[in-house]
2 protein chains.
Amino acid sequence: MSEQVGKQSLHFANPPYIISSASVVGTKEGEGPLGDRFDMVGEDDRFDGSTWEESESMLQKIALHTALEKAGIRPQDLRYLFAGDLLGQSVATSFGLQEFGIPLFGLYGACSTAGLALTLAAMALSAGYADLDAAVTSSHFASAEKQFRFPLEYANQRPLSSTWTVTGSGAFILAGRRAYEAIPGNHHGKDPHRRIKITGVTTGKIVDFGIHDSMNMGAAMAPAAQDVIETHLKDFSRSPSDYDRIITGDLGLIGKEILLDLMREKGIDLSAVHEDCGIKIFDNEKQGTGSGGSGCGCSAVTLSAYYLPMLESGEFRRILFVPTGALLSKISFNEGQNVPGIAHAVVLESE
Amino acid sequence: MSEQVGKQSLHFANPPYIISSASVVGTKEGEGPLGDRFDMVGEDDRFDGSTWEESESMLQKIALHTALEKAGIRPQDLRYLFAGDLLGQSVATSFGLQEFGIPLFGLYGACSTAGLALTLAAMALSAGYADLDAAVTSSHFASAEKQFRFPLEYANQRPLSSTWTVTGSGAFILAGRRAYEAIPGNHHGKDPHRRIKITGVTTGKIVDFGIHDSMNMGAAMAPAAQDVIETHLKDFSRSPSDYDRIITGDLGLIGKEILLDLMREKGIDLSAVHEDCGIKIFDNEKQGTGSGGSGCGCSAVTLSAYYLPMLESGEFRRILFVPTGALLSKISFNEGQNVPGIAHAVVLESE
């Protein structure tokens, strides 16, 4: 049976399960509305790293260790890691995950990387290429500011349209059905939680609307979100009401408005089901986070700490998780290039 | 049937075919020993780009267009692109491939990215997730020097152990069996060339030998190559003599010696079959390229221009292609981090 659906989607013949996940965040995220839901909130944002890059590596390390522990499995039980981050040459991932000694597929999709990693991890499991694998992504406010904008010491002013990079890492352990049922320590087998499976994916294209402003990432990414959500609904012959929530990664307040407008132009009303992790994770008014949270870690920790539990409890039955990425580097931006976007959609369902 | 072999390998139940490939290189590569085998040698290294990053994007664009043309298919016939490069935030890929409008899996594996891209492209085809997809990688001497070392204008001296980043991009069009046989313009169907298939892969782990010298990448990457080649031979119960060639990506002269020594310590003699794309692509003595060529483009263009034709002609029947990557960024290096390595192995056979 072919699993190809439409032009860009897959409907998995053997939907893999998310058997555990973990979220590790910094202090500001801990003070936000989801603060008490994260697995770990750091005492400071250093996590014992001597540089911000090392701190970000520590986030990934702690997140993956925690997710493994929650699943009751050892690192060597994982066949593959699918992981990435926002830093140049993905150094947070290289230095954060090397001690696990697991074959690594290194990924780069800017802030859409959590979607990319879950997609490929699910593809590998449904095909039988692995029985257990993991998806890990991270971002860190201080390493990202240094990389993309200004060092913190410069204390530059931020326009209201700018987003606030989340300090956080989310790790997800995925299993094929057989492996899922064989895990003795699997907490899902012991308690009444519903099982969460990835039933399909829609992989995004690069979409360039000619945005030049690196302080307005929401506007750069909204067209890519619109494109992949519209394609997804068409490929699966579904409407927004088939989902309890359609959740973008880090469009923020401005990007959300643009997305809803763009969808309306296509005749699709997303307003009843749309949420955005970047809006969910901070209390923008109290926390001064501009348009909202952003970064590879934003969607990952929000999925782990907030949306997966809503699926486990049965409050949500099906959600579409759509991390969104802005494809720029400091060099491309300084050279006057546009900021194109990309987004990848993952269907999560409770059983 | 499970396709998992040993701890880290896959043996494809439905081996996909490489139906065409293309190599586009700069002037220095054109003057090297493989000069007349490349599909295109630029008149200068700019390829009409106004920045070096744009030039690298142009390389990818030309390579993919050329490979599509050789296969006789259109961009929209491809279901997925698997692509990456060496630059921070993979900007060569984002700006080089966006106009094709194909769903993109963005990858980062430093100079091992050609192996990573072929691996995932083959996995997607063997599983039936796609019928046609493509793998593309690139590097550019000038953009890489600027990113990792010094701007060209600085005219710094280079130690002999340093490698010379290849200006080049390789693109590969892959097809599942059904799609392969359905393509009318497929030149493989018309002429007596042998068909080339990817029969297996071994995915590498990050290996850190404590190398600190960014001017000696060969030493940083050799242990990762050793690890993945040894694992590969064990997983498939093969010996080096089962391969006509075992080909690393860009170890260069120094890395090659280290690899052969490390393998000897494990009781494996690789000397009769080992070759390295970084050594193959330049005439180091005449061209002053230090230890050899390197970069995401080095292994990709050498595979396309030299090794695939050797398989097509039947001179080689089975090769192991092992692109090697050094996991560093300018930031990680300046912060005193080690330079760990990673390598991914791909089995190519002629039918």
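As the structure is a prediction and not an experimental result, all values here were calculated from the model. Just so you know, the residues in each chain are numbered from 1, in the order the chain's sequence is written. Lettering of chains starts at A and numbering of ligands starts at 1, both following the order in which they are written. The predicted origin of the model limits local features to residues at a pLDDT of at least 70 and limits the giving and counting of side-chain atom pairs to 80 or more, whereas totals for whole chains, interfaces and linings rest on all residues. To obtain the side-chain values, all non-hydrogen atoms of the structure were included, while hydrogens and water were left out.

What about the side chain of S94(B)?
Part 1 of the reasoning: Each helix is a run of DSSP H or I of at least 4 residues and each strand a run of E of at least 2, with the numbering of both proceeding from the N terminus. Within the fold, S94(B) resides in helix 3 (residues 91–97).
Part 2 of the reasoning: Beyond its immediate sequence surroundings of up to four residues, S94(B) is in contact with I206(A), L327(A) and Q89(B). In what follows, a contact means two residues having at least one pair of non-hydrogen atoms within 4.5 Å.

Some words on the environment of V273(A)
Residue and element names in this part refer to chain A.
Part 1 of the reasoning: Along the polypeptide, V273 turns up in the loop between helix 9 (252–265) and strand 12 (274–276).
Part 2 of the reasoning: Using a relative accessible area of 9% as the deciding quantity, one classes V273 as buried.
Part 3 of the reasoning: When the C-alpha positions of V273 and D244 are compared, they lie 6.2 Å apart, and in sequence the two are 29 residues distant. With a 1.4 Å probe rolled over the protein chains alone, any residue whose accessible area is under 20% of its type maximum counts as buried; one over 50% counts as exposed, and the rest are partly exposed.

Observations regarding the pattern of salt bridges
Part 1 of the reasoning: Salt bridges are defined as contacts in which a side-chain nitrogen from Lys or Arg sits within 4 Å of a carboxyl oxygen from Asp or Glu. The full count for this structure, using the stated rule, is 35 salt bridges over all chains.
Part 2 of the reasoning: A salt bridge links R318(A) to E349(A); its shortest N-O distance comes to 3.4 Å. Taken together, the residues span a long stretch of sequence, with R318(A) in strand 14 (residues 318–322) and E349(A) in strand 17 (residues 345–350) at a distance of 31 residues.
Part 3 of the reasoning: The closest approach of N and O atoms between R264(B) and D261(B), which form a salt bridge, is 2.8 Å. Of the two residues, R264(B) and D261(B) both sit in helix 9 (residues 252–265), three residues apart, roughly one turn of that helix.
Part 4 of the reasoning: Accessibility expressed as a relative area gives 39% for D261(B), which makes it partly exposed.

Here we look at the nonpolar core
Part 1 of the reasoning: Ranked by size, the top nonpolar core spans 134 residues in total, and within it L64(A), L78(A), I173(A), L64(B), L78(B) and I173(B) carry the most contacts.
Part 2 of the reasoning: Discounting chain neighbours no more than four positions away, the residues touching L78(A) are L64(A), L68(A), I73(A), I102(A), L132(A), D133(A), A134(A) and I173(A).
Part 3 of the reasoning: Core analysis: the second largest hydrophobic core is formed by 100 residues, A122(A), L308(A), M123(B) and C298(B) among them. Think of a nonpolar core as a cluster: buried Ala, Val, Leu, Ile, Met, Phe, Trp, Tyr and Cys residues, connected wherever their side-chain atoms sit within 4.5 Å.

Thoughts on the relation of the copies chain A and chain B
Part 1 of the reasoning: When the copies are superposed, the least-squares fit takes in the C-alpha atoms of residues with a pLDDT of at least 70 in both. Between chain A and chain B, which share one sequence, the superposing operator has a rotation angle of 180° and an axial displacement of 0.0 Å; the RMSD is 0.0 Å. Each copy turns onto its partner about a two-fold axis.
Part 2 of the reasoning: The overlap is high: 100% of the interface residues of chain A also sit at the interface in chain B, so the same surface is used on both sides.

Some details on the interface of chain A and chain B
Part 1 of the reasoning: Taken together, the contact pairs 64 residues of chain A with 65 residues of chain B.
Part 2 of the reasoning: Buried area: the accessible surface (1.4 Å probe) lost by two parts on joining, summed over both. For the pair chain A and chain B, the two sides together bury roughly 5100 Å², of which 58% comes from carbon and sulfur.
Part 3 of the reasoning: On the chain A side of the contact with chain B, R79(A), Q89(A) and Y129(A) bury the most area, a combined 16% of that side's loss.
Part 4 of the reasoning: At the junction of chain A and chain B, the tally comes to two salt bridges.
Part 5 of the reasoning: Between E335(A) and K146(B) there is a salt bridge, with its nearest N and O atoms 3.0 Å apart.
Part 6 of the reasoning: Among the elements that make up the side of chain A that touches chain B, the one with the highest residue count is helix 4 (residues 113–126) of chain A (six residues).
Part 7 of the reasoning: For the side of chain A that touches chain B, the residue count by class is 29 nonpolar, 25 polar and 10 charged. All residues other than Ala, Val, Leu, Ile, Met, Phe, Trp, Tyr, Cys, Pro, Asp, Glu, Lys and Arg, Gly among them, are scored as polar; the first ten of these are nonpolar and the last four charged.

Examining the packing of aromatic side chains
Part 1 of the reasoning: Side-chain rings of Phe, Tyr and Trp (the six-membered ring for Trp) are treated as a pair once their centres are within 6.5 Å; stacked means planes under 30 degrees apart, edge-to-face means over 60, and tilted covers the remaining angles. If you walk through the whole model with that rule in mind, you get 16 aromatic pairs over all chains.
Part 2 of the reasoning: Between F141(B) and W164(B) the ring centres are 4.2 Å apart and the planes differ by 5°, which places this aromatic pair in the stacked class. Within this pair, whereas F141(B) is found in helix 5 (residues 141–148), its partner W164(B) is found in strand 8 (residues 164–165), the two being separated by 23 residues in sequence. Here the two residues F141(B) and W164(B) agree in accessibility, since each one is buried.
Part 3 of the reasoning: An aromatic cluster is built from Y80(A), F82(A) and F105(A), whose rings are joined through pairwise contacts.
Part 4 of the reasoning: Look at NZ for Lys and CZ for Arg. If either is within 6 Å of the ring centre and within 35 degrees of the ring normal, a charge sits over the ring. The ring of W52(A) has R46(A) sitting right over it, with the charged end atom 4.6 Å from the ring centre.

Topic: the packing of helix 2 (residues 52–71) of chain A against helix 5 (residues 141–148) of chain A
Residue and element names in this part refer to chain A.
Part 1 of the reasoning: It is the contact of helix 2 with helix 5, at a shortest axis distance of 8 Å, that shows an interaxial angle of 135°. With respect to helix 5, the element helix 2 is oriented oblique. Crossing of helix 2 over helix 5 shows left-handed handedness. Residues W52, E53 and E56 of helix 2 touch helix 5, and the partners they reach there are A142, S143 and K146. To define axes, lines are fitted to C-alpha atoms, for helices over the stretch in contact only, and angles between the resulting N-to-C directions are given on a 0 to 180 degree scale. Throughout this description, any angle smaller than 35 degrees is read as roughly parallel, any larger than 145 degrees as roughly antiparallel, any in the 65 to 115 degree range as roughly perpendicular, and the remainder as oblique. Should the near helix be turned anticlockwise from the far one by less than a right angle, the crossing is left-handed, and should it be turned clockwise, the crossing is right-handed.

With respect to the pairing of strand 3 (residues 17–25) of chain A
All names here are of chain A.
Part 1 of the reasoning: Most of strand 3 is tucked away, with nine of its nine residues classed as buried.
Part 2 of the reasoning: Strand pairing follows a simple DSSP-based rule, namely that at least 2 bridges must link the two strands. Note: strand 3 against strand 9 (residues 168–175), eight bridges, orientation antiparallel. Bridged to I18 within strand 9 is L174.

Overview of helix 5 of chain A
Part 1 of the reasoning: The buried fraction of helix 5 of chain A amounts to seven of the eight residues, a majority that puts the element mostly inside the structure.
Part 2 of the reasoning: When we look at burial in helix 5 of chain A, the residues that qualify are F141(A), A142(A), S143(A), A144(A), E145(A), Q147(A) and F148(A).

Points about the packing of helix 4 (residues 113–126) of chain B against helix 12 (residues 296–312) of chain B
Residues and elements named next belong to chain B.
Part 1 of the reasoning: Between helix 4 and helix 12, whose axes approach to 8 Å, the crossing angle comes to 60°. Accordingly, the angle class assigned to the pair helix 4 and helix 12 is oblique. On the side of helix 4, the interface is formed by T113, A114 and L118, while helix 12 contributes C296, S299, A300 and L303.
Part 2 of the reasoning: When grouped by side-chain class, the residues that make up the contact of helix 4 with helix 12 number five nonpolar, two polar and no charged.

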